[in-house]
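This is what each chain is made of:
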Number of protein chains: 2
Amino acid sequence: MSIDVLQERIRKLKNPVMVGLDPYLPILPPHIVSEAFEEHGQTLHGAAEAYYRFCTELLDALAEIVPAVKLQSACFEALGAEGIAQMQRISKYAKQRGYYVLIDSMRGDVGGVAEIYAQAMFGSVSVGEKDYRLYDCDALTLNPYLGSDGVKPFLPYCKHDGKNIFLLLKTSNKSSREVQDLLSGDRVVYTAMADLAMRWSVDLFGKNGYSEIGAVVGATFPQTMKLLREKYDRLFFLVPGYGAQGGTAKNVQFAFDRFGHGAIITASRSIICAWQMTESDGRDYTQRAVDAALKMKNDIAKYVVIL
Amino acid sequence: MSIDVLQERIRKLKNPVMVGLDPYLPILPPHIVSEAFEEHGQTLHGAAEAYYRFCTELLDALAEIVPAVKLQSACFEALGAEGIAQMQRISKYAKQRGYYVLIDSMRGDVGGVAEIYAQAMFGSVSVGEKDYRLYDCDALTLNPYLGSDGVKPFLPYCKHDGKNIFLLLKTSNKSSREVQDLLSGDRVVYTAMADLAMRWSVDLFGKNGYSEIGAVVGATFPQTMKLLREKYDRLFFLVPGYGAQGGTAKNVQFAFDRFGHGAIITASRSIICAWQMTESDGRDYTQRAVDAALKMKNDIAKYVVIL
């Protein structure tokens with residue numbers, strides 16, 4: 001896909017929301033865990049199968065509502081190889097269902113290692129005469145603390161294969177100010193990052209004007225978001241921090257341009273664990289997720305009209 | 001282990017070198033690849049088995065010379081679940097052989113996700129009534145761009161379980177200056193990071209005076225390293241950039257304190273691919289690695305005496 005395709009999917013579904021899939025045994029509905037343990041054993045494999053069912057049932061339920069999903073790599077890595085096997089399966093499943101798929105691994109390697117990683121995530125891995133597509137995602141989050149060397153290996157995939165990277169600029173967590181807000185001359189660190197993102201974006205702009213290199217900008221700092229939106233009107237924003245962390249629909253309106261374009265808002269636990277906010281035993285968790293996703297869509301629609 | 005144990009192992013072997021294991025099919029000796037394909041098929045599984053043999057044979061050969069090893073997570077992730085399965089095996093194998101084991105994943109998650117990751121890497125993962133130790137490493141590299149929220153979930157393991165984290169301060173790649181060298185008041189970003197590392201180190205100092213929180217400082221900027229060593233005399237340095245990137249024994253002497261303590265120098269390709277620098281067909285790769293490791297040890301010993 002590409003930033004244009006992502007925008008088009010958002011426009012079609014009139015929903016600028018990316019649902020985060022970050023499975024973890026304690027947040028799964030009990031019936032899913034117990035049935036997976038019954039069938040596959042009380043093992044890492046059993047747990048990983050529970051993740052697969054949980055995520056794919058959510059993907060089925062949300063396919064007509066939500067344009068994009070985000071897989072939290074660390075949650076899968078936490079089950080070791082069994083978890084990664086399911087992350088690969090779930091990523092492919094999501095693609096088949098038409099989602100734009102981001103793998104959220106916040107990596108920041110450089111040089112040869114970054115090249116190897118970029119190829120595995122965006123391209124295919126050669127083993128002898130065979131090529132294996134392992135993850136096949138549309139986008140990755142990257143931590144740009146290492147500068148160009150950590151970003152450039154990903155750019156050919158943005159240019160030729162419709163892939164996107166989202167660089168951490170100003171994250172939604174409270175302590176993001178400790179480093180990201182350091183003042184340097186007339187800039188702060190996150191605007192210096194944004195300037196770099198613009199520099200790396202030469203010849204990477206889509207038809208809608210946005211770069212294939214996006215930026216992570218937290219919903220928890222609406223004034224910062226507003227300033228960044230005005231100054232960097234060609235960087236597509238991936239916006240975490242909605243819901244549990246305090247970001248509201250009113251806040252996130254500033255992430256969008258005047259056409260209601262240029263941003264996607266992420267939400268994880270507030271959607272995928274919506275059943276835990278009720279008296280539910282979890283058997284209706286997909287319906288609860290759909291309800292929560294629609295509520296979020298409607299809340300944002302009060303402030304943002306997607307033309 | 002802990003920073004004290006790492007220092008003790010370095011002192012015992014009189015060798016402040018950490019060998020990086022970052023396997024990749026094109027750098028493996030041909031006989032290892034072909035024999036793995038013969039036995040396991042020309043598949044991801046076969047490739048991953050080749051990684052295992054390559055890494056464990058190197059671990060056997062270097063066990064009496066080298067105190068610590070570093071597994072490059074991205075290289076294993078690049079083979080998907082098969083790669084991660086071998087990273088888990090190799091980490092355990094290295095521990096059994098007595099190595100201090102660092103997993104180099106340069107992650108930077110926050111909050112609940114960071115907690116899940118910390119537990120999986122340093123502790124054990126609970127599945128029903130069972131606990132699984134998956135990675136069991138001694139140390140991780142972390143990207144601290146997100147501030148305290150990304151670091152704090154790892155600190156209990158540093159305090160109670162003898163684990164270490166190494167925060168990226170000033171990396172060895174050329175473009176590190178783009179972000180890390182930004183001037184902010186009387187500090188640059190990497191010294192602001194170092195100040196944070198010191199703040200997080202309260203009650204985390206080992207018997208030798210060094211914090212369980214270490215710092216990544218590249219060998220390619222010797223003046224910076226010297227200044228950092230003088231100012232931050234309680235941060236243990238993990239030093240990349242030796243060899244291929246241009247860091248020399250003369251440069252890295254500045255990473256050490258006057259007892260020859262407080263730093264470990266990493267080297268990957270220059271050791272594990274040493275056979276490629278010769279006319280060798282690769283069958284003697286472990287001997288070539290031993291020779292290269294001894295040469296590096298001796299080169300550093302010309303400038304650094306470990307008391």
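Undergrad: Provide a residue-level description of empty space enclosed by the protein, including the pertinent values.
TA: Gaps left between atoms are located by rolling a probe of water-molecule size over the structure's atoms. Residue and element names in this part refer to chain B. Overall, the coordinates contain one cavity of 30 Å³ or more when judged by the stated rule. Its boundaries defined by the atoms lining it, the largest cavity holds a volume of some 60 Å³. Around the largest cavity sit Arg 107, Gly 108, Asp 109, Ala 114, Tyr 117, Leu 142, Asn 143, Pro 144, Gly 150, Val 151 and Phe 154, which together line it. Listing elements by their share of the lining of the largest cavity, those giving two or more residues are helix H6 (111–122) and helix H7 (148–151).

Undergrad: Talk me through the packing of helix H3 (residues 44–62) of chain A against helix H14 (residues 285–301) of chain A; I want residue IDs and the actual numbers.
TA: Residue and element names in this part refer to chain A. Between H3 and H14, the least distance of the axes is 9 Å, while the angle of their chain directions is 50°. The angle between H3 and H14 falls in the class oblique. Helix-helix and strand crossings are classified by hand; for H3 and H14 the assignment is right-handed. Contact residues: H3 offers Arg 53, Phe 54, Glu 57, Leu 58, Ala 61 and Leu 62, while H14 offers Tyr 285, Thr 286, Ala 289, Val 290 and Ala 293. Looking at the contact of H3 with H14 residue by residue, the class counts come to eight nonpolar, one polar and two charged.

Undergrad: Any details on the packing of aromatic side chains? Residues and values, ideally.
TA: All chains considered together, the criterion is met by twelve aromatic pairs over all chains. Measuring from ring centre to ring centre gives 6.1 Å for B:Tyr51 and B:Phe76, while their planes differ by 80°; the resulting arrangement is edge-to-face. Of this pair, B:Tyr51 sits in helix H3 (residues 44–62) while B:Phe76 sits in helix H4 (residues 73–77), and the two are 25 residues apart along the sequence. Residue class for B:Phe76 comes out buried when judged on its relative accessible area of 0%. Each ring, one from B:Phe122 and one from B:Phe154, has its centre 6.4 Å from the other, and the planes form 90°; the classification is edge-to-face. Within this pair, whereas B:Phe122 is found in helix H6, its partner B:Phe154 is found in the loop between H7 and helix H8 (155–160), the two being separated by 32 residues in sequence. Exposure remark for B:Phe122: the relative accessible area of 1% places this residue in the buried category. Aromatic ring contacts, followed pair by pair, group A:Phe122, A:Phe154 and A:Tyr157 into a single cluster. Note that A:Arg107 overlies the ring of A:Tyr117, its terminal NZ or CZ placed 4.7 Å from the centroid.

Undergrad: Describe the interface of chain B and chain A, naming the residues involved and giving the relevant values.
TA: By a widely used convention, the size of an interface equals the accessible area lost when the partners come together. Facing the 70 residues of chain B at the interface are 70 residues of chain A. Summed over both sides, the interface of chain B with chain A buries roughly 5,400 Å², with 60% coming from carbon and sulfur. Looking at the side of chain B facing chain A, the largest losses of area belong to B:Gln42, B:Ile116 and B:Tyr145, adding up to 14% of the total buried there. Counting across the interface, chain B meets chain A through four salt bridges. Here A:Glu178 ties to B:Arg199 by a salt bridge, and the two come within 3.9 Å at their closest N and O atoms. Sort the elements by how many residues they give to the side of chain B that touches chain A and helix H10 (residues 189–200) of chain B lands first, with seven residues.

Rules and cut-offs
Residues numbered from 1 in each chain as written. Chains lettered and ligands numbered in written order. Predicted model: local features only at pLDDT ≥ 70, side-chain atom pairs only at ≥ 80, totals over all residues. Heavy atoms only, no water. 1 Å grid on protein atoms, 1.4 Å probe; cavity = no way out; pocket = protein on both sides within 12 Å on 5 of 7 lines; lining within 4 Å. Points joined across faces, edges and corners; volume = space filled by probe spheres on them. Helix = DSSP H or I, 4+ residues; strand = E, 2+ residues; numbered from the N terminus. Axes fitted to C-alpha atoms, helices over the stretch in contact; angles between N-to-C directions. Parallel < 35°, antiparallel > 145°, perpendicular 65-115°, else oblique. Left-handed = near helix turned anticlockwise from the far one by under 90°. Contact = heavy atoms within 4.5 Å. Nonpolar A, V, L, I, M, F, W, Y, C, P; charged D, E, K, R; others polar. Phe/Tyr/Trp six-rings, centres within 6.5 Å; stacked < 30°, edge-to-face > 60°. Buried < 20%, exposed > 50% of the residue type's maximum accessible area, 1.4 Å probe, protein only. Lys NZ or Arg CZ within 6 Å of the ring centre and 35° of its normal. Buried area = accessible area lost by both parts, 1.4 Å probe. Salt bridge = Lys/Arg side-chain N within 4 Å of Asp/Glu carboxyl O.

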